[in-house]
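If you want the building blocks of each chain, they are given just below.
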Amino acid sequence: MMRTAIPEVDSEKCTGCGSCVERCPTKAVEVVNGKAVIVRPDDCTYCTDCEAYCPAEAIRCPYEIVILPAETGKRTQLKGARGKRADGTQTRTKASRK
Ligand code: SF4
Ligand code: SF4
């Protein structure tokens, strides 16, 4: 499957704290020269954890992920909604069917 969406980093806001690096489950992001960089975009699952844990709101996942079942034509839309992680914090992903 081709993936085109990766998080966007605002280098003006990024403090290089490394929180996104610690939280990223696939090690897709690293701090390079003091700023977050998606160094392995193919490994990014667009889970939005980096966005959720960034204290500076410097890394964002602004795209919706839309899944289109070929046989029904109905679509399942994953967009900035709410879920809960094991530690009680909120995630941004929730499915809604149109
Ligand atoms: S968590 Fe935010 S401020 Fe910290 S390194 Fe990542 S993008 Fe930069
Ligand atoms: S969206 Fe998830 S997988 Fe992608 S860089 Fe952020 S934390 Fe890592």
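Higher on the page you've got the structure.
Note that the structure is predicted; figures quoted are calculated from it, not measured.

Draft legend 1. A look at the overall build of the chain. The secondary structure content of the chain amounts to 2 helices and 7 strands. Secondary structure of the chain in N-to-C order comes out as β-α-β-β-α-β-β-β-β. In the chain, buried positions account for 15% of the 98 residues. Pairs at least 24 residues apart make up 41% of the contacts formed inside the chain by residues separated by at least 6 positions.

Draft legend 2. The site of ligand 2, seen in detail. Around ligand 2 sit 16 residues in total, of which Cys24, Cys44, Cys47, Asp49 and Cys50 are the nearest. Of the residues belonging to the shell around ligand 2, the class tally is 11 nonpolar, 3 polar and 2 charged.

Draft legend 3. Unusual backbone geometry, seen in detail. Phi at Thr48 is positive, roughly 75°, even though this residue is not glycine. Topologically, Thr48 is positioned in the loop between strand 3 (35-38) and helix 2 (49-53). Thr48 sits in the partly exposed class, given 19 other C-beta atoms within 10 Å. In this model, Glu57 sits at a positive phi of 50°, which is unusual for a non-glycine residue. On the basis of neighbour count, Glu57 is assigned to the exposed category, with 10 C-beta atoms found within 10 Å.

Draft legend 4. Up close: the nonpolar core. Cys20, Cys24, Ala28, Val29, Ala36, Cys44, Cys50, Cys54, Ala58 and Ile59 together form the largest nonpolar core, which totals 10 residues. Discounting chain neighbours no more than four positions away, the residues touching Ile59 are Pro7, Val9, Cys20, Ala36, Cys50, Glu51 and Cys54.

Draft legend 5. Just the pairing of strand 3, in detail. Across 4 bridges, strand 2 (residues 29-32) lies against strand 3 in antiparallel orientation. Across the sheet, Glu30 pairs through a bridge with Val37, a residue of strand 3. What sits between the antiparallel neighbours strand 2 and strand 3 is a turn of 2 residues, in which Asn33 has the positive phi angle 50°.

Draft legend 6. Fine view of the environment of Cys24. Within the secondary structure layout, Cys24 lies in the loop between helix 1 (19-23) and strand 2. The class of Cys24 is buried, set by 23 C-beta atoms lying within 10 Å. Residues Cys24 and Cys50, spaced 26 residues apart in sequence, show a C-alpha to C-alpha distance of 6.1 Å. Beyond its immediate stretch of four places on either side in the chain, Cys24 contacts Val29, Asp49 and Cys50.

Calculation rules
- Residues numbered from 1 in each chain as written.
- Chains lettered and ligands numbered in written order.
- Predicted model: local features only at pLDDT ≥ 70, side-chain atom pairs only at ≥ 80, totals over all residues.
- Helix = DSSP H or I, 4+ residues; strand = E, 2+ residues; numbered from the N terminus.
- Buried ≥ 20, exposed ≤ 12 C-beta atoms within 10 Å, placed from the backbone.
- Contact = placed C-beta atoms within 7 Å.
- Near = placed C-beta within 6 Å.
- Nonpolar A, V, L, I, M, F, W, Y, C, P; charged D, E, K, R; others polar.
- Core = buried A, V, L, I, M, F, W, Y, C linked by C-beta atoms within 7 Å.
- Pairing = 2+ DSSP bridges.

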